[in-house]
Amino acid sequence: MGLPILSRKAHRCSFHPDRQDLYLRLGTVSVFVRDLERSLHFYVHRLGFDVAIDSQLPSGERWLVVTPPDGTANLALISPPPDSVDYKLIGRTTQIEFLTEDVPGKYEEWLKQGVRFPQLPQTESWGGVSARFEDADGNSFALVSYDAMNREIQQIRREHLEQLESERRAAQEMESARETQARLFPQCQPALTSLEYCGLCMQARVVGGDYYDFIELGRDRFGLVIGDVSGKGTAAALLMANLQAHLRNLCASYSSRPFTPFAVEQPQRFLRALNRLFLENTADNAFATLFFAEYDDKERHLRYANCGHLPALVLNGDESVDHLDPTCTVIGAFKEWECSVQERQLRAGDRLVLYTDGVTESFNELGEEFGEPRLVEALQRHRNLPAPELLKSLVNEVRRFGTETQNDDITMIVAQCR
């Protein structure tokens, strides 16, 4: 033995991300054996070690490395030629120590597995407990424990359990947040005579900042809304909830005057109020793009404001595509904010597609964007499908194009004029 107690410390982590010096740790310790397969069976099936490496070197030799369950030490099992100097080291006492919190317990466990102990557990003069055991070739190793290390192991276990509990609570809270946000999306769809429509949001994280909504505005008018709040994850989800709450509250008092092609002041007044509330109740750097459309179910007339959002697409009966471009800037960024409203007459068979940048900015493995041209091509190719099937097909095209990891929320609304 002979090592001072301070040199024997329980292993916390082989990699500390906060360290500034270059990464360095012990690689492997060589153990010379006669037969690799026999030794592999001993270390894996009797000592409970794991195989870390089992590969063939360019020289044709087998590179076999085993490690204890915690993975903090690597033993390279080497079978040297019988006429080599290394072959004479087989069956010697090694200077390798294995630390455990309970030498007698590990002794009993390994004894049942057929491990030979030439030295039984005993108390050392420095206060620890040790024993020696041999592998299949008689290589001798030390098994050591002492109180200070055991206390440290117990502390590490407590910290680990606390971390697991903290992660469990965080996961539970995120799941609750996901369920809560899911309830913010439309739970039912108002029935319309002249329009078939549907929407979908596939979040990249547990929660996100994309938003879509379907709103009854009274007098056969109906609201289609899609938006994208700045930021990602939880912060964006909170802003999205803020935006949804303000929009829903304002829609409750939406004007009841009849729809006319020239009565444009209500969408403008409504959006100015929404911008003011969002600006007053969010941080200075928060904003959102928004597409708000008021649809007259009787007249098949669309009145919309595109607040810095991506252009909506209208696929006409002749397969040409029109863009409903931005009519004003984003909401929540400016106190002095004005918007203009545009109008569009829809005809039977026209398809309207609203989407967020998670659709067009989906990347493939080559770094190429899905882009608007691919979306338009897919829309034309699947134009004869009903709205729900058209939506599903467009989303599937985006997902097949992108990588396995979704980097942004994918949100889309598809409406078809009957």
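Here the structure is a predicted model, which means the values were calculated and not measured. (Residues numbered from 1 in each chain as written. Predicted model: local features only at pLDDT ≥ 70, side-chain atom pairs only at ≥ 80, totals over all residues. Heavy atoms only, no water.)

## Observations concerning helix α7 (residues 371-381)
- Buried within α7 are the following residues: Gly371, Leu375, Val376, Ala378 and Leu379.
- Looking at the buried side of α7, the elements it contacts are β14 (312-315), β15 (321-324), β17 (351-355), α6 (357-360), α8 (387-401) and β18 (410-417). (Buried < 20%, exposed > 50% of the residue type's maximum accessible area, 1.4 Å probe, protein only. Helix = DSSP H or I, 4+ residues; strand = E, 2+ residues; numbered from the N terminus. Contact = heavy atoms within 4.5 Å.)

## Regarding the packing of aromatic side chains
- Taken as a whole and assessed by the stated rule, the structure comprises 19 aromatic pairs.
- Ring centres of Phe370 and Phe401 lie 5.4 Å apart, and the angle between their planes is 70°; on these two criteria the pair is classed as edge-to-face. With Phe370 in the loop between α6 and α7 and Phe401 in helix α8, the pair connects residues that are 31 residues apart, well separated along the chain.
- Residue class for Phe370 comes out buried when judged on its relative accessible area of 3%.
- An aromatic cluster is defined as three or more aromatic residues linked by ring pairs; in this entry it consists of Phe42, Tyr43, Phe49, Phe98, Tyr107, Trp110, Phe117, Phe133 and Phe141. (Phe/Tyr/Trp six-rings, centres within 6.5 Å; stacked < 30°, edge-to-face > 60°.)

## Comments concerning the sheet that holds strand β6 (residues 116-123)
- If you trace the 4 strands from one edge of the open sheet to the other, you get β5-β8-β7-β6, paired in mixed fashion. The open sheet terminates on both sides in strands that have one partner only, identified here as β5 (93-99) and β6. In this sheet, neighbouring strand axes are inclined to one another by 20° on average, regardless of whether the strands run parallel or antiparallel.
- Taken together, the 4 bridges between β5 and strand β8 (residues 140-145) define a ladder with parallel strand orientation. Each residue of the ladder has a partner; that of Glu97, found in β8, is Ala142.
- Along the sheet face, helix α2 (residues 103-112) touches β6, β7 (129-134) and β8 and points at about 165° away from the line of β6. (Pairing = 2+ DSSP bridges. Axes fitted to C-alpha atoms, helices over the stretch in contact; angles between N-to-C directions.)

## Details of unusual backbone geometry
- With a phi close to 55°, Arg219 is a non-glycine residue in the positive phi region.
- Examined against the element boundaries, Arg219 turns out to sit in the loop between β10 (210-218) and β11 (221-229).
- When its relative accessible area of 53% is taken as the criterion, Arg219 is described as exposed.
- One non-glycine residue with positive phi stands out, namely Glu319, at about 75°.
- With respect to the helices, strands and loops of the structure, Glu319 is situated in the loop between β14 and β15.
- Given a relative accessible area of 41%, Glu319 falls into the partly exposed group.

## With respect to the confidence of the model for the chain
- Scored by pLDDT, the chain comes out at a mean of 89, with 93% of its residues at no less than 70.
- Across residues 1-8, confidence stays below pLDDT 50; counting only partners more than four residues off in sequence or on other chains, it has 17 contacts.
- Confidence over residues 256-264 falls short of pLDDT 50; this stretch has 19 contacts with residues more than four positions distant or in other chains. (pLDDT = per-residue confidence, 0-100.)

## With respect to the sheet that holds β18
- Strand order in the open sheet formed by 5 strands is β9-β18-β17-β14-β15, and the pairing between neighbours is antiparallel. Both edges of this open sheet fall to β9 (195-202) and β15, since each of them pairs with a single strand only. Going across the sheet, the axis of each strand differs from the next one's by a mean of 15°, ignoring polarity.
- Where α7 meets the sheet, its contacts fall on β14, β15, β17 and β18, and the angle it forms with β14 comes to roughly 30°.
- Those strands touched by α8 are β9, β17 and β18, and its axis lies near 30° from that of β9.

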